[in-house]
Amino acid sequence: MSRLTRAETQERNRAKVLAAARAEFTERGFRDAKIDRIAERAELTRGAVYSNFPGKRALYFAVLADLAERTPEPSHPEPGRTARQALGAFARAWVTRLPLATDAEHGMAGLGRDLMPEVLADERVRRPFAQLMMLDAILLGLALERLGPRTPGGRLVRTAEVALTTLHGASQMAAAAPGFVEPFNVVRACEQLADLDLGDRWPPPAMVPPTRETDEAWSPPPASDMVRDEPARLTGDGVVTVLGLHRLSAVEDAVRAAPAGADVTAVLVTGSPGELGQLARLAIADFRVCLHQAFPMAAWPRVQVVCDETGALAEAAGVPAISDGTETAVRVEAGRIVARAEGFGAGHAAASITRG
């Protein structure tokens, strides 16, 4: 038998740690789970666990993200043809995952009940989580708009915000007050949101940075589009915007300003990939599961979302130093970077530039 490479050994150990952690969290819950027991279950040392994950919370986020990403697609989804139908289908996909009053305190059904307490416990997690929810709302709003907006301004992001607020609230009530939430009523309430006029308009950024024309090589590494769960299209013409987890809402600026048919890719980066990178994976994967069940493929938002945990894609875009406040965008044409902008409003600047 050939000896495993170092990378293969690391990947195997990571998988063993995730499997052991999933068993520990399922059996004991997040609060009572212990890193030492996880290491014992994985037949590894405590140091091996920490070499893969910086702490128990990061490991918990990774377990939830791994489960969300592995959720099988329905064999016969019934996507909505109108915004109302799609909101109802999205809500139905969401409430089917809610814990039931008859579920045991611990177990797979209740594995995620400690997520919100952990988010609330630390400002360093709350702020990125707020932006991840805003990203979900933008993606949902863009999908709703592609089914035919009824509002005068054509924007449905506020409708998406209210829908996600309702659904996240239902999740918290189902965990805190088992048996209180009536899923059918939650679905009907979300359907009604399609008929509300919330006066939604897209406000262009008040200030945009200067855009610098350039001519640079563009050789992006392979990456996965988390919205579609497939390889990202990175070689076509479009805008690639590198966003720290404090700046995710800025993706809408690039989408609204980009020329018709241009690819828009949001590259998510963070200064804490071991923990916050796992939270980003979880937020997008949870959203994707419901999106795929509720919307026809033609209505999926045209923006791609890539979680760049290693920073390799950001470096290819000329952003070697990243943080949660990063906001840089490049315009790609004919396989070359032809323009770039940095700072608040960079995505809008790079997307709207008229070259020459």
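Note that the structure is predicted; figures quoted are calculated from it, not measured. (Residues numbered from 1 in each chain as written. Predicted model: local features only at pLDDT ≥ 70, side-chain atom pairs only at ≥ 80, totals over all residues. Heavy atoms only, no water.)

Undergrad: Break down the UniProt feature "domain: HTH tetR-type" (unreviewed entry) in the chain for me, with residues and values.
TA: Summarizing the sequence annotation, UniProt attributes the feature "domain: HTH tetR-type" (unreviewed entry) to residues 11–71 in the numbering used throughout. When the span residues 11–71 is considered, its composition is 84% helix and 0% strand, and the gap between its end C-alpha atoms is 21 Å. (UniProt positions renumbered as here; feature names shortened; annotations may be inferred. Helix = DSSP H or I, 4+ residues; strand = E, 2+ residues; numbered from the N terminus.)

Undergrad: Any chance you could break down the side chain of Asp122 for me, citing the residues and the numbers?
TA: One can find Asp122 in the loop between helix 6 (115–120) and helix 7 (123–145). A distance of 3.0 Å separates a polar atom in the side chain of Asp122 from a polar atom in the side chain of Arg57. (Polar contact = N/O pair within 3.5 Å; in protein donor to acceptor, adjacent residues only side chain to side chain.)

Undergrad: Talk me through the sheet that holds strand 8 (residues 336–342); I want residue IDs and the actual numbers.
TA: Reading across the sheet, the six strands line up as 1-8-7-4-5-6 and stay open at both edges, with mixed pairing between neighbours. Two strands lie at the open edges of the sheet, namely strand 1 (212–217) and strand 6 (303–307), each paired on one side alone. Across the sheet, the axes of successive neighbouring strands diverge by a mean angle of 25°, strand direction being ignored. In the sheet, strand 4 (residues 238–244) pairs with strand 7 (residues 327–333) via six bridges, with the strands oriented antiparallel. Within strand 7, the residue paired with Thr241 across the bridge is Ala329. Relative to strand 6, helix 7 is tilted by about 155°, and along the sheet it contacts strand 5 (263–269) and strand 6. (Pairing = 2+ DSSP bridges. Axes fitted to C-alpha atoms, helices over the stretch in contact; angles between N-to-C directions. Contact = heavy atoms within 4.5 Å.)

Undergrad: I'd like a rundown of empty space enclosed by the protein, residues and numbers included.
TA: For the structure shown, the criterion picks out two cavities of 30 Å³ or more. In this structure, the second largest cavity encloses a volume near 40 Å³. Along its surface, the second largest cavity is lined by Trp218, Arg233, Leu234, Gly236, Gly238, Val239, Val240, Asp263, Thr265 and Val332. Of all the secondary structure elements, the ones that give two or more residues to the lining of the second largest cavity are strand 4 and strand 5. Take the lining of the second largest cavity: its biggest share by element is three residues, from strand 4. Tallied by class, the residues present in the lining of the second largest cavity amount to five nonpolar, three polar and two charged. (1 Å grid on protein atoms, 1.4 Å probe; cavity = no way out; pocket = protein on both sides within 12 Å on 5 of 7 lines; lining within 4 Å. Points joined across faces, edges and corners; volume = space filled by probe spheres on them. Nonpolar A, V, L, I, M, F, W, Y, C, P; charged D, E, K, R; others polar.)

Undergrad: With reference to specific residues and values, describe the environment of Leu115.
TA: With respect to the helices and strands, Leu115 occurs in helix 6. Judged by its relative accessible area of 14%, Leu115 is buried. In this structure the C-alpha to C-alpha distance between Leu115 and Leu64, which are 51 residues apart in sequence, comes to 8.9 Å. Apart from the residues within four sequence positions on either side, Leu115 is in contact with Tyr60, Phe61, Leu64, Leu279 and Leu282. (Buried < 20%, exposed > 50% of the residue type's maximum accessible area, 1.4 Å probe, protein only.)

Undergrad: Account for the packing of helix 7 against helix 8 (residues 157–176), with residues named and values stated.
TA: The geometry of helix 7 relative to helix 8 is characterised by a closest axis approach of 8 Å and an angle of 125° between their N-to-C directions. One way to sum up the angle between helix 7 and helix 8 is to call them oblique. The hand of the helix 7/helix 8 crossing is right-handed. Contact residues: helix 7 offers Met133, Met134, Asp136, Ala137, Ile138, Leu140, Gly141, Leu144 and Glu145, while helix 8 offers Val157, Thr159, Ala160, Glu161, Leu164 and His168. For the contact of helix 7 with helix 8, a count of residues per class yields nine nonpolar, three polar and three charged. (Parallel < 35°, antiparallel > 145°, perpendicular 65-115°, else oblique. Left-handed = near helix turned anticlockwise from the far one by under 90°.)

Undergrad: Explain the pairing of strand 8 residue by residue, including any values.
TA: Summarising burial for strand 8: five of the seven residues are buried, a large majority. Bridge count for strand 1 against strand 8 is four bridges, and the pairing is antiparallel. The partner of Glu216 across the bridge, within strand 8, is Ile337. In sequence, strand 7 turns back onto strand 8 through a hairpin of two residues, with Ala334 there showing a positive phi of about 50°.

Undergrad: I'd like a rundown of the layout of surface pockets, residues and numbers included.
TA: By volume, the largest pocket is sized at about 810 Å³. Lining the largest pocket we find 29 residues, and of these Leu64, Arg97, Gly112, Leu115 and Asp286 sit closest to its centre. If you list the elements that add at least two residues to the lining of the largest pocket, you get helix 4 (56–69), helix 6, helix 7, helix 8 and helix 11 (276–294). Broken down by class, the residue content of the lining of the largest pocket amounts to 19 nonpolar, six polar and four charged. Size it by volume and the second largest pocket reaches roughly 300 Å³. The wall of the second largest pocket is formed by 15 residues, among which Glu11, Arg14, Leu18, Phe53 and Arg281 lie closest to the centre. Among the elements of the structure, helix 1 (6–32) and helix 11 are those that each provide at least two residues to the lining of the second largest pocket.

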